[in-house]
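Reading the structure
The residues making up each chain are set out below.
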Amino acid sequence: GKSFEEDSGRRDFTINALYEDRTGKIYDYWNGTEHLRDKKLVFVGIPEQRIKEDYLRMMRLFRFQSRYGFEIQKEAIEAVRKNLDGLEKVSVERITSEFLLLLEAEFYKKALLSLHESRLLRFLFQKYLSESEIGKIVENLHILEELEFVSNEFKPLVIIATMFQFSKSNEE
């Protein structure tokens, strides 16, 4: 954009729409500093509009949560629920990349719970798991705490394997 203000309006989250000039002055057009302080993930403008501009933003929302541990605005969760089908327009590779980055981060369990709340977890795994199997994953997320010793290099693969194991256990 031609100005900080114009460019900030195209950002996904308010915490990404902060600018600093050469003198150190901060420009905040969307209350990003407040959201940063309050540990909130808030879309710039109208959440549904932001998502429709780029459906991968739904995955980025949860990846940011997994990285920073921030709470997600309710309107964002609702907008994700309304736009799940939009992810079909995004390549599997881009979705997978975001999901793996989510699993590598410190607050991945919190993000997985939010993914479940938004119904995005079900959407991502609907071809592989039933509704009840996905429910078993969420019920057993606390078990993943025992996996904290795993190196980051293999962490996403171990989490995914464990998630699928949860879904298949206790099938009687």
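On a predicted model such as this, the values are computed, not experimentally measured, just so you know.

Here we take up a nonpolar patch on the surface. The grouping of Phe4, Tyr29 and Trp30 at the surface amounts to a nonpolar patch, some 250 Å² of accessible area in total. Secondary-structure assignment places Tyr29 in the loop between strand 2 (26-28) and helix 2 (32-38). A residue is classified by how much of its surface remains accessible, and Tyr29, at 34% relative accessible area, is partly exposed.

Next up on the list: helix 6 (residues 92-104). Count 3.6 residues to each turn of an α-helix, and residues three or four apart come out pointing the same way. End to end, helix 6 covers 18 Å across 13 residues, agreeing with the expected 18 Å (1.5 Å per residue, within 8%). Within helix 6, burial applies to Ile95, Glu98, Phe99, Leu102 and Leu103. All buried residues of helix 6 fall inside an arc of 140° around its axis, so they share one side.

With that settled, consider the layout of surface pockets. Quantified by volume, the largest pocket comes out at close to 490 Å³. Around the largest pocket, the lining is made up of 15 residues, and of these Val92, Ile95, Thr96, Leu124 and Tyr128 lie nearest the centre. Counting only elements with at least two residues in the lining of the largest pocket, the list comes to helix 6 and helix 8 (120-125). Ranked by residue count, the leading element in the lining of the largest pocket is helix 6, at 5 residues.

Here the chain shows a mean pLDDT of 89. Residues at 70 or above account for 92%. Across the chain, the secondary-structure element scoring lowest on mean pLDDT is helix 10 (residues 155-168), at 77, and the one scoring highest is strand 4 (residues 71-72), at 98.

Our focus in this paragraph is the pattern of salt bridges. Pairing between side chains becomes possible if they bear opposite charge and their charged atoms approach one another. Inspection of the entire model under this criterion finds 12 salt bridges. One salt bridge connects Glu53 with Arg50, and the closest N-O pair in it is separated by 2.8 Å. Pair noted here: Glu53 and Arg50 are both in helix 3 (residues 47-53), with a separation of 3 residues, about one helical turn. With its nearest N and O atoms 2.8 Å apart, the salt bridge here joins Glu53 to Arg57. Via salt bridges that share partners, Glu6, Asp7, Arg10 and Arg11 belong to a single interconnected network.

The rules we used
- Residues numbered from 1 in each chain as written.
- Predicted model: local features only at pLDDT ≥ 70, side-chain atom pairs only at ≥ 80, totals over all residues.
- Heavy atoms only, no water.
- Patch = residues over 30% accessible without salt bridge, like charges linked within 9 Å, V, L, I, M, F, W, Y side chains within 5 Å.
- Areas by Shrake-Rupley, 256 points an atom, 1.4 Å probe, with all protein chains shown as cover.
- Salt bridge = Lys/Arg side-chain N within 4 Å of Asp/Glu carboxyl O.
- Helix = DSSP H or I, 4+ residues; strand = E, 2+ residues; numbered from the N terminus.
- Buried < 20%, exposed > 50% of the residue type's maximum accessible area, 1.4 Å probe, protein only.
- Expected span 1.5 Å × (residues − 1).
- Arc of directions from axis to C-beta.
- 1 Å grid on protein atoms, 1.4 Å probe; cavity = no way out; pocket = protein on both sides within 12 Å on 5 of 7 lines; lining within 4 Å.
- Points joined across faces, edges and corners; volume = space filled by probe spheres on them.
- pLDDT = per-residue confidence, 0-100.

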